[in-house]
Amino acid sequence: MIVNIALAILILASQTSCLSLFSSRQPLIPDANPTLFIYDAILNLSGQRSRALRKSLEGKRVWIVGAGGGIGSQLAIALRRSGAKLVLSGRRREELERVALECIEAHENTYENGTDFSDSFVKILPLDITSNDEIMMIAAKKAVSYFEGIDVLILNSGKGQLSPATATLGLHNNDENVDRALMEINYLGPVRLLTKLIYIDEWGKQNVDGNTKKGHVIVTSSVAGKMPLPLGSSYAASKHAIHGYFNSLRTESGNWLRVDLNCPGPIDTQFQERVYSPSKEESEDLDFTHNNISKEKLNGETSGAKMPPKRCAHLMLSAMVGPAQLMKETWISRQPTLFFMYLNQIFPALSMNIFEIIGPLRIKAWQHGLPLYKLSSWIKAVKNE
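As the structure is a prediction and not an experimental result, all values here were calculated from the model. Residue positions are counted from 1 within each chain, in the order its sequence is given. Selection of residues for local features in this predicted model requires a pLDDT of at least 70, selection of side-chain atom pairs for listing and counting requires 80 or more, and totals for whole chains, interfaces and linings are taken over all residues. Hydrogens are left out, water is left out, and the side-chain values use all remaining heavy atoms of the structure.

1. Re the sheet that holds strand β9 (residues 257–264)
The cut-off we apply is this: The rule for pairing is simple: two strands pair if DSSP sees at least two bridges between them. Strands are runs of DSSP state E lasting at least 2 residues, helices are runs of H or I lasting at least 4, and numbering of each runs from the N terminus. Every axis corresponds to a line fitted to the C-alpha atoms, with the helix fit spanning only the stretch in contact, and the corresponding angles, defined between N-to-C directions, vary from 0 to 180 degrees. Note on contacts: a residue pair is in contact if any heavy atoms of the two residues lie within 4.5 Å.
The strand order across the open sheet formed by 7 strands is β3-β2-β1-β4-β8-β9-β11, and the pairing between neighbours is parallel. Strand pairing shows two members of the sheet lacking a second neighbour, β3 (122–124) and β11 (329–332), which therefore form its edges. Strand-to-strand twist in this sheet, taken as the mean axis angle between neighbours without regard to direction, amounts to 15°. Where strand β2 (residues 85–89) and β3 come together, 3 bridges link them in parallel fashion. Counted as the bridge partner of L88 is I124 from β3. Running at roughly 155° to β9, helix α8 (residues 233–253) makes contact with β4 (152–155), β8 (215–220), β9 and β11 of the sheet.

2. Things to note about the pattern of salt bridges
Note the cut-off: One speaks of a salt bridge when a side-chain nitrogen belonging to Lys or Arg is within 4 Å of a carboxyl oxygen belonging to Asp or Glu.
Evaluation of the coordinates by the stated rule reveals 12 salt bridges. Close ionic contact of R98 with E102 constitutes a salt bridge, the shortest N to O distance being 2.9 Å. With a gap of 4 residues between them, R98 and E102 both fall in helix α5 (residues 93–108), about one helical turn apart. By sharing partners, the salt bridges in this structure join D31, D40, R49 and R311 into a single network.

3. Points about the packing of aromatic side chains
Aromatic ring pairs: the centre-centre distance and the angle between the two ring planes describe each pair. Threshold: Side-chain rings of Phe, Tyr and Trp, where Trp is taken by its six-membered ring, are said to pair if the distance between their centres is within 6.5 Å; with planes under 30 degrees apart they count as stacked, over 60 as edge-to-face, and otherwise as tilted. Between buried and exposed lies partly exposed: a residue is buried under 20% and exposed over 50% of the maximum accessible area for its type, with that area taken using a 1.4 Å probe on protein chains only.
Counting across every chain of the model gives 6 aromatic pairs. Between W331 and Y342, the ring centres sit 5.0 Å apart and the planes meet at 65°, which makes this aromatic pair edge-to-face. Linking W331 in strand β11 with Y342 in helix α12 (residues 337–346), this pair joins segments that are 11 residues apart in sequence. Among the residues examined, W331 registers a relative accessible area of 10% and is labelled buried. Its relative accessible area of 15% is what places Y342 among the buried residues. Measuring from centroid to centroid gives 5.8 Å for F340 and F355, while their planes differ by 55°, and the two rings are tilted. Taken together, the residues F340 in helix α12 and F355 in helix α13 (residues 348–367) connect sequence positions 15 residues apart. Among the aromatic side chains, those forming a connected cluster through ring pairs are Y187, Y245 and F246.

4. Regarding the environment of A78
Within the secondary structure layout, A78 lies in helix α4 (residues 70–81). As a C-alpha pair, A78 and H314 span 236 residues in sequence and 7.8 Å in three-dimensional space.

5. So, the pairing of β2
Rules: By convention, a crossover is right-handed whenever its connection, traced from the first strand over the helix to the second and viewed with the strands pointing away, goes clockwise.
The buried fraction of β2 is high, at 4 of 5 residues. In this sheet, β2 lies alongside strand β1 (residues 61–65) in parallel orientation, the contact comprising 5 bridges. Each bridged residue has a counterpart across the sheet, and for W63 the counterpart in β2 is V87. For the crossover that starts at β1, traverses α4 and ends in the parallel β2, the hand is right-handed.

6. Some details on the confidence of the model for the protein
Note the threshold: Per residue, pLDDT captures the predictor's confidence, and it can take any value from 0 to 100.
For the protein, per-residue confidence averages 83 on the pLDDT scale, and 79% of positions sit at 70 or higher. Every residue in residues 1–24 scores below 50 in pLDDT, and together they form 31 contacts with partners more than four places removed in sequence or on other chains. With pLDDT under 50 throughout, residues 280–300 is counted as low confidence; its partners more than four residues away or in other chains account for 40 contacts.

7. A word on the packing of α4 against helix α11 (residues 309–321)
A packed helix pair is summarised by two numbers, namely the angle formed by the two axes and the spacing between the axes. Note the threshold: Just so you know how the angles are binned, under 35 degrees is roughly parallel, over 145 roughly antiparallel, 65 to 115 roughly perpendicular, and the rest oblique. Should the near helix be turned anticlockwise from the far one by less than a right angle, the crossing is left-handed, and should it be turned clockwise, the crossing is right-handed. In the scheme used here, Gly and all other residues not listed as nonpolar or charged are polar, with Ala, Val, Leu, Ile, Met, Phe, Trp, Tyr, Cys and Pro taken as nonpolar and Asp, Glu, Lys and Arg as charged.
Where α4 contacts α11, the axes come no closer than 8 Å and their chain directions differ by 55°. Comparing their axes, α11 and α4 come out oblique. When the axes of α4 and α11 are compared, the crossing they make is right-handed. The segment α4 lies against α11, with G70, I71, Q74, L75, A78 and L79 engaging P309, K310, C312, A313, M316, L317 and M320. Looking at the contact of α4 with α11 residue by residue, the classes come out as 10 nonpolar, 2 polar and 1 charged.

Rendered as structure tokens:
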């Protein structure tokens, strides 16, 4: 045990010191796995990032599902600035329209003369990722028709969870089973949409020149797809399913389909507005103290552990244009989450022992309506017992 702990400390120390020579243009403490962090640093410090992005992305036809806010909106803006043609999808048209306007402005501002590109290259396509197969097929056909094909599909939609695992056994929101709903939104929906697009746009098929048409899918997974998440058991299950499916798909179709799995940690977005959490009545029925923390309070919680969405999108964009062999799976998170990712992969038994301590503390903080990403909240919750 002592040896394992010592090795774990060495992992963290190596992460925080290996790139201390970088200037203020690059974070000194790594907030991504080494391959991505170093590749991004090279782009940044060389002064060639904008040129490299434009060379790789200009004219690319990109469909972003989950583009209405947070990471998705930041990706859309950055992609349009680099000359990509965009199809923006999400459930709320008004949010997509706002993001589309920001994309147009971002692209125009990259030119000194302020050329008006009035937007033939940003399309809005409202879509609920849980729609039936017929609606998804129609959406895929529309997306393909806008620019006569799609080069990259970014699956960024998702919904979270904030409740103990045993609470979800009886938890229903608007007559919807939470465990099933999370699998539909986070796993089944993205998989079904991808299969529709592959079929409609004929990815993997040979064209008249005898060349195979290639595609690129980027999936926003989560660190919860790689390790436990107390208060997010069904959410973690849906993200583990994402990894199982897309990693297997890559092995089957790697000659024509590039699959990138991005695993962000805590991101400073409005994601908490989309979490499943039990009502007061459900909590009492299930013998759980109801947490009195509001979604507004959760969204307003600031913590050094949370990454700004713009930085997350920045790193995802670097992974997108990076070598496919090196960017199959990327971890994007601040410390200490990134450290725990390594610990869980290298020393799983030690990691599980630590999570068995963290889990009850996090639940106590949740029950007392305290911020969940602060150690002080866990200590305060224990004192309140």
